[in-house]
Amino acid sequence: MLLEDFPSDIRDYLEPKPQGHPVYECLSCSKQFPTDRLFYTCPSCGGLMMIEDPDFQRLRAKPGSFWRRLFDYRLLYNRQATRGVFTFHEFIAPSLPLEDLVYLGEAHSPVVAAPAELAKEVGASFYFKMDGQNPSASFKDRGMAAALSFLKHLVRIKNLDTVIAVCASTGDTSAAAALYAASLGGSVKSAVLLPKGRVTPQQLSQPLGAGAAVFELPGVFDDCMRVVERLSDKYPVALLNSKNPWRVLGQESYAYEIAQQFDYRLGDIVLVIPVGNAGNITAILSGLLKFHRAGLVERLPRILAVQSERANPVFLYYNTPINRRTYAPVNVKPSVAQAAMIGDPVSFPRLSKLAADYEKAAGEYSFGVVEVNEQAIMESMLLANRRGLTVCTQGGECLAGLRAGLIKGLVSPLETAVLDSTAHALKFVDFQTAYFEGRLSQEYGIVTNPKLANRPRELSFGNLKVPAVNQPLRPDDEDTFVTAAVGKIAESLGLSS
Ligand SMILES: *Cc1c(COP(=O)(O)O)cnc(C)c1O
Ligand SMILES: [Zn+2]
């Protein structure tokens with residue numbers, strides 16, 4: 001839409017000007033530090049950092065209705081810098097100037113309703129938010145858009161030559177980090193650390209394709225994380241893991257988009273989120289609280305976090321009565337929800353603080369956690385796939401979580417659930433193949449249900465001449481072949497003419 005066609009009260013605000021002075025705030029000692037450099041942990045006590053906007057009041061000077069209108073109109077404003085996560089610039093990274101904002105097409109993922117018949121089978125109506133429809137095919141792009149915008153800003157104002165951005169990953173963080181770093185060109189190079197054999201071939205191909213230095217280490221994600229932390233303590237690198245609080249800001253956009261997609265009415269909604277390193281759920285809680293504080297949403301949705309019973313430290317914590325809760329990491333076992341296969345979530349301190357804040361704002365039982373088994377994850381994913389919703393294994397985990405929540409009474413059949421398909425189904429397609437071929441029983445304890453297994457159907461043509469590449473058949477042989485093929489396919493499909 002042309003600028004002159006926007007309502008006059010909106011026009012001046014479409015293009016945000018840098019404002020506010022966000023600070024790093026330590027979760028442990030509450031000390032604050034200016035955001036003129038990159039911090040991951042508190043220089044004073046080593047605690048985890050969040051970015052706070054001490055002047056949040058200024059956003060409350062306008063009514064919620066103003067922000068709702070502005071953000072809805074901004075979707076019609078055709079300027080790259082205010083797209084994606086920066087549609088919500090004032091709530092995400094208000095101090096960054098437009099010239100530093102990075103946009104690669106992230107953060108416009110659709111919410112898609114489950115067909116009525118599937119909703120009935122599950123016991124509640126629900127949507128999937130298809131976050132696999134991001135540039136590197138997972139929600140991690142949201143966080144990287146913010147983190148790399150800040151890095152671009154630092155490189156520019158500090159005149160830095162080269163920065164090496166590093167991360168450890170269960171696959172998707174490295175894909176996103178490598179992609180966004182690559183978009184900045186020569187000044188930012190990326191290096192990623194992956195647990196060997198614990199990322200899918202598709203995920204491995206992504207940082208390789210983006211030109212990153214890729215290191216495959218023995219062990220699981222938690223081991224890679226310890227290496228990357230030591231590396232960033234010893235050398236001047238930019239850490240792009242969840243410790244980097246800028247990523248949390250970008251990932252808040254998931255909550256903002258859902259608010260927008262449901263006309264800011266979230267009262268009867270429950271968001272179902274898979275939890276690994278707990279960065280995503282932290283960001284979603286934080287974003288919802290901000291929109292609530294600024295009056296954009298009146299009633300907050302309920303939150304249901306989901307973990308596999310093979311990587312469940314967050315479930316174990318919240319499943320204990322409040323006065324006896326102590327956090328303890330777990331040793332993970334192989335899970336098909338591999339991107340969430342984390343035993344010692346880095347963002348746990350953020351989550352426990354925000355979940356408590358959230359319950360204060362949204363009421364008792366507004367935050368819950370369930371665990372699900374591997375069989376349920378796989379079968380839920382296949383069930384969704386078979387009804388037109390192509391979701392990843394973590395999406396399957398959410399659907400399994402919704403079903404568990406309904407059975408346990410944590411979700412009411414009258415609520416509408418919004419499930420997070422955190423990545424594209426194709427990143428995890430090898431698990432599907434392995435399930436169909438009955439290869440998941442040993443390592444994952446998953447038994448193949450023959451009703452859900454699907455394999456290519458072989459047709460045998462005996463001695464008949466069949467075509468091959470660069471060897472077309474003579475017309476009469478071709479005709480014989482086609483007739484035979486039609487007969488065999490019709491038989492296999494049970495067709496009668
Ligand atoms: C990273 C990731 C998760 C887990 O998110 P956290 O922020 O680590 O809790 C879930 N699904 C996919 C596809 C991921 O890439
Ligand atoms: Zn501190």
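Residues numbered from 1 in each chain as written. Chains lettered and ligands numbered in written order. Predicted model: local features only at pLDDT ≥ 70, side-chain atom pairs only at ≥ 80, totals over all residues. Heavy atoms only, no water.

Engineer: Whenever I open this one, the overall build of the chain confuses me. Can you help?
Structural biologist: The number of helices and strands found in the chain is 19 helices and 13 strands. Taking the principal axes of its C-alpha atoms as reference, the chain extends roughly 80 × 55 × 55 Å. In the chain, once contacts between residues fewer than 6 apart in sequence are set aside, the share between residues at least 24 apart is 72%. Of the accessible surface of the chain, which amounts to about 21700 Å², a share of 51% is contributed by carbon and sulfur atoms. If the 51 positive side-chain charges of the chain are averaged to one point and the 51 negative ones to another, these points end up 3 Å apart. (Helix = DSSP H or I, 4+ residues; strand = E, 2+ residues; numbered from the N terminus. Contact = heavy atoms within 4.5 Å. Areas by Shrake-Rupley, 256 points an atom, 1.4 Å probe, with all protein chains shown as cover. Lys, Arg positive; Asp, Glu negative; His and termini not counted. Charge placed at Lys NZ, Arg CZ, Asp CG, Glu CD.)

Engineer: Which parts of the structure should I look at to understand the sheet that holds strand S1 (residues 23-26)?
Structural biologist: Whether parallel or antiparallel, the strands of a sheet pair through hydrogen bonds between backbone atoms. The antiparallel open sheet is built from three strands, whose spatial order is S2-S1-S3. Looking at which strands have only one partner, the edges of the open sheet turn out to be strand S2 (32-34) and strand S3 (49-52). Ignoring strand direction, the axes of neighbouring strands in this sheet form an average angle of 35°. Summarising the sheet, S1 and S2 pair through three bridges and their orientation is antiparallel. Paired with Val23 across the strands is Pro34, a residue of S2. (Pairing = 2+ DSSP bridges. Axes fitted to C-alpha atoms, helices over the stretch in contact; angles between N-to-C directions.)

Engineer: Teacher, can you tell me more about the coordination of the zinc ion (ligand 2) here?
Structural biologist: Geometrically, a metal with four donors at the corners of a regular tetrahedron has ideal angles of 109.5 degrees, and one with six donors at the corners of a regular octahedron has ideal angles of 90 or 180 degrees. The protein atoms that coordinate the zinc ion (ligand 2) are Cys26 (SG), Cys29 (SG), Cys42 (SG) and Cys45 (SG), at distances of 2.3 to 2.4 Å. Around the zinc ion (ligand 2), the four donor atoms are arranged such that angles at the metal cover 98 to 118°; this shape is classified as tetrahedral. For the zinc ion (ligand 2), the donor residues sit on a single chain with the sequence spacing C-x2-C-x12-C-x2-C. We classify Cys45 as partly exposed; its relative accessible area is 41%. (Donors = N, O, S within 2.8 Å, 3.2 Å for Na, K, Ca; no water. Tetrahedral: all angles 85-135°; square planar, octahedral: opposite > 155°, others 65-115°. Buried < 20%, exposed > 50% of the residue type's maximum accessible area, 1.4 Å probe, protein only.)

Engineer: How should the site of ligand 1 be read in this particular structure?
Structural biologist: The local shell around ligand 1 holds 13 residues, among which Lys140, Asp172, Asn277, Asn280 and Thr422 are the closest. Asp172 is positioned with one of its side-chain polar atoms (N or O) 2.6 Å from an oxygen atom of ligand 1. Protein burial of ligand 1: of its 380 Å² of free accessible surface, 97% is covered by the chains. Here the shell around ligand 1 is built from residues that sort into five nonpolar, six polar and two charged. Each of domain 1 (111-136 + 252-444) and domain 2 (139-243) contributes no fewer than three residues to the shell around ligand 1. (Near = heavy atom within 4 Å. Polar contact = N/O pair within 3.5 Å; in protein donor to acceptor, adjacent residues only side chain to side chain. Nonpolar A, V, L, I, M, F, W, Y, C, P; charged D, E, K, R; others polar. Domains from an automatic or database assignment.)

Engineer: What is the right way to read the packing of aromatic side chains from this model?
Structural biologist: Two measures describe an aromatic ring pair: the distance that separates the ring centres and the angle between the ring planes. With the rule as written, the count across this model stands at 28 aromatic pairs. Their ring planes at 70° and their centres at 6.2 Å tell us that Phe88 and Phe291 sit as a pair that is edge-to-face. With a gap of 203 residues between them, Phe88 in the loop between helix H3 (64-74) and helix H4 (89-92) and Phe291 in helix H12 (residues 279-293) connect regions that are remote in the sequence. Overall, Phe88 belongs to the buried group, its relative accessible area being 1%. Each residue in the set Tyr13, Phe56, Phe66, Trp67, Phe71, Phe88, Phe91, Tyr256 and Phe291 is aromatic and connected to the rest through ring pairs, giving one cluster. Cation over ring: Lys129 sits above Tyr254, and NZ or CZ is 5.7 Å from the ring centre. (Phe/Tyr/Trp six-rings, centres within 6.5 Å; stacked < 30°, edge-to-face > 60°. Lys NZ or Arg CZ within 6 Å of the ring centre and 35° of its normal.)

Engineer: Can you walk me through the pattern of salt bridges in this structure?
Structural biologist: For side chains bearing opposite charge, pairing can occur when the charged atoms are close. A complete count under the given rule lists 26 salt bridges for this structure. For Arg299, the salt bridge is made with Asp268, and the minimal N-O distance between the two is 3.7 Å. With Arg299 in the loop between H12 and strand S11 (302-308) and Asp268 in the loop between helix H11 (253-261) and strand S10 (269-274), the pair connects residues that are 31 residues apart, well separated along the chain. Of the charged contacts in the structure, one is a salt bridge between Glu437 and Arg439, with a shortest N-O distance of 2.8 Å. Members of the salt-bridge network, linked through shared partners, are Lys129, Asp131, Arg142 and Glu257. (Salt bridge = Lys/Arg side-chain N within 4 Å of Asp/Glu carboxyl O.)

Engineer: Would you take a moment to explain the environment of Ala178 for this structure?
Structural biologist: With respect to the element layout, Ala178 can be found in helix H7 (residues 172-183). Classification of Ala178 by relative accessible area gives buried; the value is 0%. Measuring from C-alpha to C-alpha, the distance between Ala178 and Thr282 comes to 23 Å, with 104 residues separating the pair along the chain. Setting aside anything within four residues of it in sequence, one finds Ala178 in contact with Ser190, Pro207, Ala210 and Ala212.

Engineer: Help me understand the packing of H11 against H12 in this model?
Structural biologist: Helices that pack against each other are described as a pair by the angle of their axes relative to one another and the distance between those axes. Running from amino to carboxyl end, H11 crosses H12 at an angle of 50°, the nearest separation of the two axes being 7 Å. Judged by the angle between their axes, H11 and H12 are oblique. Touching Tyr254, Ala255, Tyr256 and Ala259 of H11 are Ile284, Gly287, Leu288, Lys290 and Phe291, all from H12. Taken together, the residues of the contact of H11 with H12 sort by class into seven nonpolar, one polar and one charged. (Parallel < 35°, antiparallel > 145°, perpendicular 65-115°, else oblique.)

Engineer: Explanation requested: H7 in the structure shown.
Structural biologist: Three or four residues apart is the spacing at which side chains of an α-helix point the same way, because the helix has 3.6 residues per turn. With 12 residues, H7 ought to run about 16 Å at 1.5 Å a step, and its terminal C-alpha atoms sit 17 Å apart, in line with that. Where burial is concerned, most of H7 is hidden: nine out of the 12 residues are buried. Listed as buried for H7 are Asp172, Thr173, Ser174, Ala175, Ala176, Ala177, Ala178, Tyr180 and Ala181. Looking at the packing, one finds that the buried side of H7 touches helix H6 (140-157), strand S6 (163-168), strand S7 (188-195), helix H8 (201-209) and helix H10 (245-251). Where H7 ends, the next residue or the one after it, Gly185, has phi of about 80°, a positive value. (Expected span 1.5 Å × (residues − 1).)

Engineer: Whenever I open this one, the domain arrangement of the chain confuses me. Can you help?
Structural biologist: Bring the parts together and some accessible area is lost; that lost area is often taken as the interface size. Considered domain by domain, the chain is made up of domain 1 (111-136 + 252-444), domain 2 (139-243) and domain 3 (457-497). The distance between the C-alpha centroids of domain 2 and domain 3 comes to 50 Å.

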